[in-house]
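Chain and residue survey
What follows is the residue order along each chain.
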2 protein chains.
Amino acid sequence: MSKKSEPCPVARSVDLIGDRWSLLIVRDAFDGMRRFGDFQRNLGMARNILSDRLRRLVEAGILETRPASDGTSYQEYVLTPAGESLFPVIVALRQWGERHLFAKGEWHSQLIDKGTGKPVPFMSPAVAPDQAEVRKKP
Amino acid sequence: MSKKSEPCPVARSVDLIGDRWSLLIVRDAFDGMRRFGDFQRNLGMARNILSDRLRRLVEAGILETRPASDGTSYQEYVLTPAGESLFPVIVALRQWGERHLFAKGEWHSQLIDKGTGKPVPFMSPAVAPDQAEVRKKP
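These lines cover the structure that appears in this document, whether it is placed above or below. (Residues numbered from 1 in each chain as written. Chains lettered and ligands numbered in written order. Predicted model: local features only at pLDDT ≥ 70, side-chain atom pairs only at ≥ 80, totals over all residues. Heavy atoms only, no water.)

Overview of the overall build of chain A
Counting secondary structure elements, chain A contains six helices and four strands. On the principal axes, the C-alpha backbone points of chain A span a range of 55 × 45 × 30 Å. By the burial criterion, 49% of the 138 residues in chain A qualify as buried. Carbon and sulfur atoms form 51% of the exposed surface of chain A, whose accessible area is close to 6800 Å². Chain A carries 21 positive and 17 negative side-chain charges, and their two centres are separated by 2 Å. (Helix = DSSP H or I, 4+ residues; strand = E, 2+ residues; numbered from the N terminus. Buried < 20%, exposed > 50% of the residue type's maximum accessible area, 1.4 Å probe, protein only. Areas by Shrake-Rupley, 256 points an atom, 1.4 Å probe, with all protein chains shown as cover. Lys, Arg positive; Asp, Glu negative; His and termini not counted. Charge placed at Lys NZ, Arg CZ, Asp CG, Glu CD.)

Description of the interface of chain B and chain A
The interface is formed by 73 residues belonging to chain B together with 73 residues belonging to chain A. Where chain B abuts chain A, roughly 6700 Å² becomes buried across the two surfaces, and 68% of that area is made up of carbon and sulfur atoms. Counting the surface chain B buries against chain A, the share from its top three residues, Trp96, Trp107 and Arg135 of chain B, is 11%. In this assembly, chain B and chain A are joined by six salt bridges. The closest approach of N and O atoms between lysine 136 of chain B and aspartate 31 of chain A, which form a salt bridge, is 3.3 Å. Across the chain B-chain A interface, the total number found is 30 residue pairs in polar contact (both at pLDDT 80 or more). If you list the elements that add at least two residues to the side of chain B that touches chain A, you get α1 (9-17), α2 (20-30), α3 (36-43), α5 (81-84), α6 (87-100), β3 (110-113) and β4 (132-135) of chain B. If one sorts the elements of the side of chain B that touches chain A by residue count, α6 of chain B sits on top with twelve residues. Looking at the side of chain B that touches chain A residue by residue, the class counts come to 40 nonpolar, 14 polar and 19 charged. (Contact = heavy atoms within 4.5 Å. Buried area = accessible area lost by both parts, 1.4 Å probe. Salt bridge = Lys/Arg side-chain N within 4 Å of Asp/Glu carboxyl O. Polar contact = N/O pair within 3.5 Å; in protein donor to acceptor, adjacent residues only side chain to side chain. Nonpolar A, V, L, I, M, F, W, Y, C, P; charged D, E, K, R; others polar.)

A short note on the relation of the copies chain B and chain A
Screw-axis analysis of chain B against chain A gives a translation of 0.0 Å along the axis, an RMSD of 0.0 Å, and a rotation angle of 180°. Seen this way, the second copy is the image of the first under a two-fold rotation axis. Across chain B, the smallest distance between a C-alpha and the rotation axis is recorded for aspartate 19 of chain B, namely 2.3 Å. Interface residue correspondence from chain B to chain A reaches 100%, placing this contact among same-surface, isologous pairings. (Least-squares fit on C-alpha atoms with pLDDT ≥ 70 in both.)

Looking at the side chain of aspartate 113 of chain A
Note on placement: aspartate 113 of chain A falls in strand β3 (residues 110-113). No salt bridge is formed by the buried aspartate 113 of chain A; the nearest opposite charge belongs to lysine 114 of chain A, separated by 8.9 Å. Excluding residues within four positions of it along the chain, aspartate 113 of chain A makes contact with Lys118 and Val120 of chain A together with Val127 and Gln131 of chain B.

Here's the deal with the packing of α2 of chain B against helix α4 (residues 47-59) of chain B
Residue and element names in this part refer to chain B. Between α2 and α4, whose axes approach to 10 Å, the crossing angle comes to 70°. Accordingly, the angle class assigned to the pair α2 and α4 is roughly perpendicular. From α2, Trp21, Ser22, Ile25 and Val26 reach across to α4, where they touch Ile49, Leu50, Arg53, Leu54 and Leu57. Its residues assigned to classes, the contact of α2 with α4 shows seven nonpolar, one polar and one charged. (Axes fitted to C-alpha atoms, helices over the stretch in contact; angles between N-to-C directions. Parallel < 35°, antiparallel > 145°, perpendicular 65-115°, else oblique.)

Looking at the pairing of strand β2 (residues 75-79) of chain B
A regular strand places its side chains so that they alternate between the two faces of the sheet. Residue and element names in this part refer to chain B. The buried fraction of β2 amounts to four of the five residues, a majority that puts the element mostly inside the structure. Direction of pairing for strand β1 (residues 63-67) relative to β2: antiparallel, over a ladder of five bridges. Bridging across to β2, glutamate 64 finds its partner in valine 78. (Pairing = 2+ DSSP bridges.)

Let's talk about the packing of aromatic side chains
Throughout the structure, instances matching the rule amount to two aromatic pairs over all chains. An angle of 50° between the planes, with centres 5.3 Å apart, marks the rings of phenylalanine 30 of chain A and phenylalanine 87 of chain A as tilted. Of this pair, phenylalanine 30 of chain A sits in helix α2 (residues 20-30) while phenylalanine 87 of chain A sits in helix α6 (residues 87-100), and the two are 57 residues apart along the sequence. The aromatic ring of phenylalanine 102 of chain A is capped on one face by arginine 12 of chain B, whose charged end is 3.8 Å from the ring centroid. The ring of phenylalanine 122 of chain B has arginine 99 of chain B lying over it, and the distance from NZ or CZ to the ring centre is 3.6 Å. (Phe/Tyr/Trp six-rings, centres within 6.5 Å; stacked < 30°, edge-to-face > 60°. Lys NZ or Arg CZ within 6 Å of the ring centre and 35° of its normal.)

Focus: the pattern of salt bridges
Charged atoms that come close allow side chains of opposite charge to pair. Residue and element names in this part refer to chain A. All chains considered together, the criterion is met by 30 salt bridges over all chains. Residue arginine 35 pairs with aspartate 70 through a salt bridge whose shortest N-O separation is 2.9 Å. Residue arginine 35 is located in the loop between α2 and α3 (36-43), and its partner aspartate 70 is located in the loop between β1 (63-67) and β2 (75-79); the two are separated by 35 residues in the primary sequence. In this structure aspartate 70 comes out as partly exposed when scored by relative accessible area, which is 46%. Arginine 66 is the salt-bridge partner of glutamate 64, the closest N and O atoms lying 3.4 Å from each other. Members of the salt-bridge network, linked through shared partners, are Asp19, Asp52, Arg53, Arg55, Arg56 and Glu59.

As for α2 of chain A
Judged by how many residues are buried, α2 of chain A sits mostly within the fold: ten of eleven residues are covered. Those residues of α2 of chain A that fall on the buried side of the exposure criterion are Trp21, Ser22, Leu23, Leu24, Ile25, Val26, Arg27, Asp28, Ala29 and Phe30 of chain A.

In structure tokens:
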């Protein structure tokens, strides 16, 4: 699937970020997390796996490294513009989970529009699945 | 992360479908694929892994099994309503890939609106990442 000839954008995306840790690291990066130790503590993942995923996300141009903003010797991992544009992916995962993986009345974290103080509205494509089809040949 | 107390809907979603094979099986199901052999041939994955992923997707209420529509003894795997509502996730992965993982002029498969014959419009949340924040406490 990762062969460059793969014509399906879903497959290419999934080959890059379609694993639990990468998606959770990107989620945390959107939450403002920047440091190895913070990702490691928050995700409770093995340091070697975290190192591997961070390296892959940097190689993929989703994260970039920067010197620590506070002048310490820490390195920080920050979303690139391409990484920032993964926002719809994370929001779609969040909104599906909100609707299908919580019991009635069970509390979940909320994505809030800072401007309105209200939850970010539900996002969906302009067409329903049965009104869409994939064109597989030019 | 998969502990039921996990308050983050992104994490709960990722725990269920945050792996390459599950996402590609869901993609193929949206494309109308229904049979074990068709998934297996299209994804080129080991039968035991495909069996495991299909079972997990059925247990998660994303796919359901049905007798073959043509009256043969085959079993078919069809998206449930909860599975259908993963459409924004697949579209977001597709649209990110289209924008970031193809060279200029390189052809990719396209998601077409059957009504207009045109590509499904780009989908994004109502707010930019920097205008959103996650509320982690009730």
